[in-house]
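# Fold and contact review
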Amino acid sequence: GQEPGIITKLGALLENSDEGIRYHAVRAIANLAWHTVNQVNIGQELGIITKLGTLLKNSDEGIRYHAVRAIANLAILKANQERIGQEPGIITKLGTLMVNANAEMRRAALDAIANLAMLPVNQESIGQEPGIITKLGTLMVNANAEMRRAALAAIAKLALNENNQASIGQEPGIITKL
């Protein structure tokens, strides 16, 4: 048979027992996922999105951060938005990480949510996730300018969904924050 490609090998290393190997594998995937061709290849690699979702709850913050970056980068591509949005628990974990103490982690999670919100089916899932709209509303005012713009972009995308319009409008103070 043919030798597996580097993306396949990196995907397998995401489950390695050595935390340092997992860290470098997920970091490589996050960096590779910045390029469109790699977004396609990584997104099509069986099980890799599930593995990235699992790494979102890893005890090592560096591993979690690069898993979020990988998801945010992969979610730029429409085909991956659907795969990621359907993966159980990813949206919930991203919502939690949007209020992480680490500013880079918050930004990466916010980027992932905003990218996933480009797809109507994800807009619905994100809007139904308890607390996400409240967290976005908080980030719209209690963050630096870059984070506020990203939170506003996510709210604008979520507001395209009719079911989200009511919940966004009912969020205390969100309209005045806009």
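Above: the structure in question.
Structural notes, computed from the coordinates.

What counts as what
- Residues numbered from 1 in each chain as written.
- Predicted model: local features only at pLDDT ≥ 70, side-chain atom pairs only at ≥ 80, totals over all residues.
- Heavy atoms only, no water.
- Axes fitted to C-alpha atoms, helices over the stretch in contact; angles between N-to-C directions.
- Helix = DSSP H or I, 4+ residues; strand = E, 2+ residues; numbered from the N terminus.
- Parallel < 35°, antiparallel > 145°, perpendicular 65-115°, else oblique.
- Left-handed = near helix turned anticlockwise from the far one by under 90°.
- Contact = heavy atoms within 4.5 Å.
- 1 Å grid on protein atoms, 1.4 Å probe; cavity = no way out; pocket = protein on both sides within 12 Å on 5 of 7 lines; lining within 4 Å.
- Points joined across faces, edges and corners; volume = space filled by probe spheres on them.
- Nonpolar A, V, L, I, M, F, W, Y, C, P; charged D, E, K, R; others polar.
- Buried < 20%, exposed > 50% of the residue type's maximum accessible area, 1.4 Å probe, protein only.
- Core = buried A, V, L, I, M, F, W, Y, C linked by side-chain atoms within 4.5 Å.

Moving on to the packing of helix α5 (residues 61–74) against helix α8 (residues 103–116). One can describe the packing of α5 onto α8 by two numbers: an axis separation of 8 Å at closest approach and a directional angle of 25°. Taken together, the axes of α5 and α8 are roughly parallel relative to one another. Once α5 is placed against α8, the crossing between them reads as left-handed. Listed contacts from α8 to Glu61, Arg64, Tyr65, Val68, Arg69, Ile71 and Ala72 of α5 are Glu104, Met105, Ala108, Ala109, Asp111, Ala112 and Asn115.

The next subject is the layout of surface pockets. As a volume, the largest pocket reaches approximately 170 Å³. Trp34, Tyr65, Arg69, Ala72, Asn73, Ile76, Glu104, Arg107, Ala108, Asp111 and Asn115 together form the lining of the largest pocket. Among the elements of the structure, α5 and α8 are those that each provide at least two residues to the lining of the largest pocket. Broken down by element, the lining of the largest pocket gets its largest block of residues, 5 residues, from α8. Looking at the lining of the largest pocket residue by residue, the class counts come to 5 nonpolar, 2 polar and 4 charged.

A word on helix α7 (residues 90–97). Within α7, 6 of the 8 residues are buried, which leaves the element mostly enclosed by the surrounding structure. As for α7, its buried residues are in contact with α4 (48–55), α5, α6 (78–86), α8, α9 (120–128) and α10 (132–141).

Turning our eyes to something else, we now look at the nonpolar core. In globular proteins that are soluble, nonpolar side chains generally tend to be buried together. One finds Leu94, Leu110 and Leu136 to be the most contacted residues of the largest nonpolar core, which totals 53 residues. Elements that contribute at least two residues to this core include exactly α1 (6–13), α2 (19–32), α4, α5, α7, α8, α10 and α11 (145–158). When sequence neighbours within four positions are dropped, the list of residues in contact with Leu110 reads Met98, Leu136, Leu139, Met147, Ala150, Ala151 and Ala154.

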